[in-house]
Every structure is written in C-alpha cells, then in structure tokens.
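# Residue-level structural notes
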Amino acid sequence: ANGEKNIRLLNLQNPTTKPRKLQLDGRINTYAFDSESGWLATLSGQKNVWLWKITDPLSRPVVLKTDQTLIDRIVFHPTKPWLVGVGSTGNLHIWDLTDVAAAPEIFQLNQSPKSWSSAIPKSEAAVFSPDGHWLITSGKYGQELWDMNQTPPQQVTLPAHQENPFYVQEQSSYANKTHIL
C-alpha cells in the first residue's frame, strides 16, 4: 500500500475471494493494524490520519484531527485504546480512540543536546514494548525512549545520546522476555 491511494484487505480465511478495497484521497505513507479492536490506521500525506473499522465492511473512515505537523509513523498501543504518531518534529502525538473526534495530546521532546541545535529529529520507526510501558522511536538522529506509564509520558535520555548524539538508528526492536532494546 505504500505510495498507493488505496489499501486492499485480503481475507486469509478465504484468500481466493476478492480483496476489500479502502480508497483514500492521497498517497498512503504508512499504516498500522490493531488486531484487538479491528482498527486500521492509515497515514496519508504525512498530515492526514484515517481510522478504519475493518471488521465492519460498511463503515466509513474517521479522519483524526492533527496539529498539521508532519507525522512519519503511526503505531497502536498494545494494551490501551491509543494511536501514537511520531514525526519530523520529534513530538509524540497520542489519540485516545475512545473519543475519535478529539484532537491528539502532543508531548514535546525534552531539550536536545547542544550539538543537535541545527538538527531536526525525524522518527522513521516506532515500536512499543509488548506491555506498553515503553515506546521507542528511532530515526536519523538516534533513538528516543518514552516511559508511557508516566502522565504525561516522559522521555528518557539514552546513554548513546550522551556519548555520541549523531548516529543513525533507523529501526528498533524489543526482546520481550529479556527486556532488551
């Protein structure tokens, strides 16, 4: 679906049936599934977040409100009804899906190291720990770790940022049983 204007949903219980097609008004940058709730979130044009109830073939998408800053990645919280967006500003956008008409809460990064003053953080990946405690965002200028159990979520400065703030980290992964990033 990346770069397309539609998503085709294939029913794996009957893969020979015609896929369900979801049409957007712009190119799809990324998407995320929440298998527990049946939501599909799509990001179009880096500013438009659409929410689809894929368990209801007749449902229309909900366009989530944004603050019009660029968003590069969206991910569902594993245990809460939240959709989280991260992007070029480095800010964290959290939509509470119990009220899809509400604007997202936006949390700003802590003060960046001085050597970052001319850099614009870009989050190219976001992943939750399986229990939802930690959100890891990563991109061109490294990783950010967010403690999602705090209100508001708190950014944790990683040791690598203190030693060498300019390193490329385009992907993160979390090992569930060992709690290692």
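Residues numbered from 1 in each chain as written. Predicted model: local features only at pLDDT ≥ 70, side-chain atom pairs only at ≥ 80, totals over all residues. Heavy atoms only, no water.

### Let's talk about the overall build of the chain
Under the convention used in this document: Strands are runs of DSSP state E lasting at least two residues, helices are runs of H or I lasting at least four, and both sets are numbered from the N terminus onward. Remark: exposure states derive from per-residue accessible area (1.4 Å probe, protein chains only) relative to the maximum for the residue type, with buried under 20%, exposed over 50%, and partly exposed in between. The contact rule is simple, with two residues in contact once any of their heavy atoms fall within 4.5 Å. Accessible surface is estimated by sampling points in the Shrake-Rupley manner with a 1.4 Å probe; for residues, cover comes only from the protein chains shown.
Regarding its fold elements, the chain presents one helix and 14 strands. In the chain, which comprises 181 residues, the share counted as buried stands at 43%. Restricting the contact set of the chain to residue pairs at least 6 apart, pairs at least 24 apart contribute 42%. Here the chain displays about 10,300 Å² of accessible surface, and carbon together with sulfur accounts for 49% of that area.

### Focus on the environment of Gln154
Rules: In the analysis that follows, any N or O atom pair within 3.5 Å is treated as a polar contact, provided that within protein one partner can donate a hydrogen and the other can accept it, and provided that, for residues neighboring in sequence, both atoms belong to side chains.
One can find Gln154 in strand S14 (residues 154-156). Residue classification places Gln154 among the partly exposed residues on the basis of a relative accessible area of 37%. With 47 residues separating them in the primary sequence, Gln154 and Phe107 have C-alpha atoms 8.7 Å apart. Ignoring sequence-local partners within four residues, the contact set of Gln154 consists of Leu145, Trp146 and Asp147. From its side chain, Gln154 meets the backbone oxygen of Pro152 in a polar contact 2.9 Å long.

### Focus: the packing of aromatic side chains
What counts here: Pairing of aromatic rings covers Phe, Tyr and Trp, the last counted by its six-membered ring, and requires centre-to-centre distances within 6.5 Å; plane angles under 30 degrees mean stacked, over 60 mean edge-to-face, and any other angle means tilted. Lysine and arginine charges are scored as sitting over a ring when NZ or CZ, respectively, is within 6 Å of the ring centre and within 35 degrees of the ring normal.
Per the stated rule, a full pass over the model turns up two aromatic pairs. Geometrically, the ring pair formed by Trp50 and Trp52 is stacked, given 5.8 Å between the ring centres and 25° between the ring planes. Overall, Trp50 belongs to the buried group, its relative accessible area being 11%. In this structure Trp52 comes out as buried when scored by relative accessible area, which is 5%. In this arrangement the basic side chain of Lys53 is found over the ring face of Trp39, its NZ or CZ atom lying 4.7 Å from the centre.

### Describing the confidence of the model for the chain
Detailed conclusions should not be drawn from predicted coordinates in areas where pLDDT is low. Rules: Per-residue confidence from the predictor is given as pLDDT, running between 0 and 100.
Taken residue by residue, the chain gives an average pLDDT of 75. The fraction at 70 or more is 71%. Within the chain, strand S7 (residues 73-76) carries the highest mean pLDDT (90), whereas helix H1 (residues 159-163) carries the lowest (56). Segment residues 111-120 is flagged for pLDDT under 50; beyond a separation of four residues in sequence, or across chains, it makes 13 contacts in the model. Counting interchain partners and residues more than four positions distant, the pLDDT-below-50 stretch residues 165-170 has 26 contacts.

### Focus on the nonpolar core
The cut-off we apply is this: We define the nonpolar core as a collection of buried residues of types Ala, Val, Leu, Ile, Met, Phe, Trp, Tyr and Cys that are connected through side-chain atoms lying within 4.5 Å of one another.
In terms of nonpolar packing, the biggest core is built from 13 residues, with Val49, Leu51, Ile74, Phe76, Leu83, Trp95 and Leu97 touching the most fellow members. Here this core gets three residues from one element, more than from any other, and that element is strand S4 (residues 39-44). Dropping the residues within four chain positions of it, Val49 is found in contact with Thr42, Leu43, Val62, Val63, Leu64, Thr66, Ile71, Leu83 and Trp95.

### Concerning the sheet that holds S7
One key point about sheets: their strands pair by backbone hydrogen bonds, in either a parallel or an antiparallel sense. Going by this rule: Note: two strands are recorded as paired if DSSP finds a minimum of 2 bridges between them. Axis lines are fitted through C-alpha atoms, for helices just across the contact stretch, and the angle between N-to-C directions can take any value from 0 to 180 degrees.
Spatial ordering of the open sheet is given by S7-S8-S9-S10, a layout of four strands whose pairing is antiparallel. For this open sheet the edge positions go to S7 and strand S10 (105-107), each flanked by a neighbour on one side alone. Going from strand to strand, the sheet's axes swing by 20° on average, the running direction of each strand aside. As judged from the four bridges shared by S7 and strand S8 (residues 82-86), these two strands associate in the antiparallel manner. Among the inter-strand pairings, Val75 is bridged to a residue of S8, identified as Val84.

### Here we look at the sheet that holds S4
With antiparallel pairing, the four strands of this open sheet are ordered in space as S3-S4-S5-S6. Of all the strands in the sheet, just strand S3 (28-34) and strand S6 (62-64) have a single pairing partner and so form its edges. Along the sheet, successive strands turn relative to each other by an average axial angle of 25°, direction set aside. Examined bridge by bridge, S4 and strand S5 (residues 48-53) share six bridges and lie antiparallel to one another.

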